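Secondary and tertiary structure notes
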Amino acid sequence: MIAILRINHRSARDKRISTHIGLVARAFLAEKIIYSGEHDESLIDSVNKIKNEWGGKFSAEYSKDYKKTITEYKNKGFKIAHLTMYGLPLESRINEIKKLKNLLIIVGGEKVPRDVYEKADYNLSITAQPHSEVSALAITLDRIAGGKELSHDFKDAKKRIKPNALGKTFY
Ligand code: SAM
């Protein structure tokens with residue numbers, strides 16, 4: 001199982017980007033997103049609403065204390081991967097990571113506390129360039145799934161798109 005922990009969410013400034021982290025997590029086949037930082041129930045509701053319409057085994061929840069969440073997941077046998085431009089290249093660890101049964105992926109906000117680096121089993125970079133938590137997460141999940149997410153069908157979806165060269169069709 002792959003779970004995502006988004007730390008240091010700020011309701012006013014990060015709403016859109018934190019929502020996108022949740023949408024990428026679901027579409028790219030993670031099973032859970034945990035938001036930490038400021039409590040923002042509307043963010044959690046909007047990500048869960050997407051899941052209810054578009055299907056998938058996914059849920060969004062809030063954690064008051066990201067340190068406790070990391071410890072809890074470690075105790076459940078999860079390995080912890082923290083995405084940071086300062087880390088080792090993702091491609092140097094991907095074969096090892098693909099074999100893990102349970103993985104918690106941490107994505108940061110503006111400033112990431114040192115203890116996150118220290119608690120992680122892997123500090124991983126997706127290029128050594130600054131970009132975005134959304135792109136870093138998407139590339140990581142894509143490499144783990146080996147591209148399978150691109151054609152994944154969410155069986156319980158109430159809403160699906162029929163691909164079109166032009167126009168929009170739902171079914
Ligand atoms: N200086 C921050 C850092 O510690 O990487 C960059 C903050 S960036 C606005 C927010 C988040 O995007 C980071 O915490 C990290 O999770 C992700 N991120 C940005 N660039 C990345 C990269 N090249 N590799 C991996 N993650 C990245």
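Because the structure is a prediction, the values reported are computed rather than measured.

Once that is clear, we can look at the overall build of the chain. Across its full length, the chain carries 6 helices and 8 strands. Relative to the 2.2 N^0.38 estimate, which gives 16 Å for 171 residues, the radius of gyration of the chain is 16 Å and therefore close to what a compact globule would have. Dimensions of the chain along its principal axes, counting C-alpha atoms only, are 45 × 35 × 30 Å. Looking at the 171 residues of the chain, the share that counts as buried comes to 43%. If you take every contact in the chain between residues at least 6 apart in sequence, the share linking residues at least 24 apart comes to 80%. Summed over its atoms, the accessible surface of the chain is roughly 9,800 Å², and 54% of this surface lies on carbon and sulfur atoms.

Turning our attention to helix α4 (residues 90-98). For α4, the complete set of buried residues consists of Leu-90, Ile-94 and Ile-97. One side of α4 carries all its buried residues, which in axial view fall inside an arc of 80°. Of the surrounding elements, those touching the buried residues of α4 are β4 (79-89), β5 (103-107), β6 (122-125) and α6 (133-145).

On to the pattern of salt bridges, then. Scanning the model with the defined rule gives 14 salt bridges in all. Here Lys-159 makes a salt bridge to Glu-53, at a shortest N to O gap of 3.7 Å. Of the two residues, Lys-159 is situated in the loop between α6 and β7 (161-162) and Glu-53 in helix α2 (residues 41-54); the sequence distance between them amounts to 106 residues. A residue is classified by how much of its surface remains accessible, and Glu-53, at 29% relative accessible area, is partly exposed. What you see here is one network of salt bridges that share partners, running through Arg-10, Arg-13, Asp-14 and Glu-110.

Lining the immediate environment of the ligand, one finds 19 residues, of which Leu-83, Tyr-117, Ile-126, Thr-127 and Gln-129 sit closest. Measuring from an oxygen atom of the ligand, one finds a backbone N or O atom of Glu-133 at 3.2 Å. Protein chains bury 86% of the 550 Å² of accessible surface belonging to the ligand in isolation. Elements with a minimum of two residues in the shell around the ligand: β4, β6 and α6. The element contributing the most residues to the shell around the ligand is β4, with 4 residues. In terms of residue class, the shell around the ligand is built from 9 nonpolar, 8 polar and 2 charged.

Look at α4 against α6: their axes get within 9 Å of each other, and the N-to-C directions meet at 50°. As far as their axial angle goes, α6 and α4 are oblique. With respect to the hand of their crossing, α4 and α6 are arranged in right-handed fashion. Taken together, the residues of α6 that come into contact with α4 (itself represented by Leu-90, Ile-94, Ile-97 and Lys-98) are Ile-139, Thr-140, Arg-143 and Ile-144. Per-class residue counts for the contact of α4 with α6 are 5 nonpolar, 1 polar and 2 charged.

Turning our eyes to something else, we now look at the packing of aromatic side chains. For the coordinates displayed, the defined rule picks out 2 aromatic pairs. Residue placement shows Lys-76 over the ring face of Tyr-73; its charged tip is 4.1 Å from the ring centre. In this structure, Lys-159 is placed above the aromatic ring of Phe-170, and the distance from its NZ or CZ to the ring centre is 5.3 Å.

Rules used throughout
Residues numbered from 1 in each chain as written. Predicted model: local features only at pLDDT ≥ 70, side-chain atom pairs only at ≥ 80, totals over all residues. Heavy atoms only, no water. Helix = DSSP H or I, 4+ residues; strand = E, 2+ residues; numbered from the N terminus. Rg over C-alpha atoms; globule rule 2.2 N^0.38 Å. Buried < 20%, exposed > 50% of the residue type's maximum accessible area, 1.4 Å probe, protein only. Contact = heavy atoms within 4.5 Å. Areas by Shrake-Rupley, 256 points an atom, 1.4 Å probe, with all protein chains shown as cover. Arc of directions from axis to C-beta. Salt bridge = Lys/Arg side-chain N within 4 Å of Asp/Glu carboxyl O. Near = heavy atom within 4 Å. Polar contact = N/O pair within 3.5 Å; in protein donor to acceptor, adjacent residues only side chain to side chain. Nonpolar A, V, L, I, M, F, W, Y, C, P; charged D, E, K, R; others polar. Axes fitted to C-alpha atoms, helices over the stretch in contact; angles between N-to-C directions. Parallel < 35°, antiparallel > 145°, perpendicular 65-115°, else oblique. Left-handed = near helix turned anticlockwise from the far one by under 90°. Phe/Tyr/Trp six-rings, centres within 6.5 Å; stacked < 30°, edge-to-face > 60°. Lys NZ or Arg CZ within 6 Å of the ring centre and 35° of its normal.

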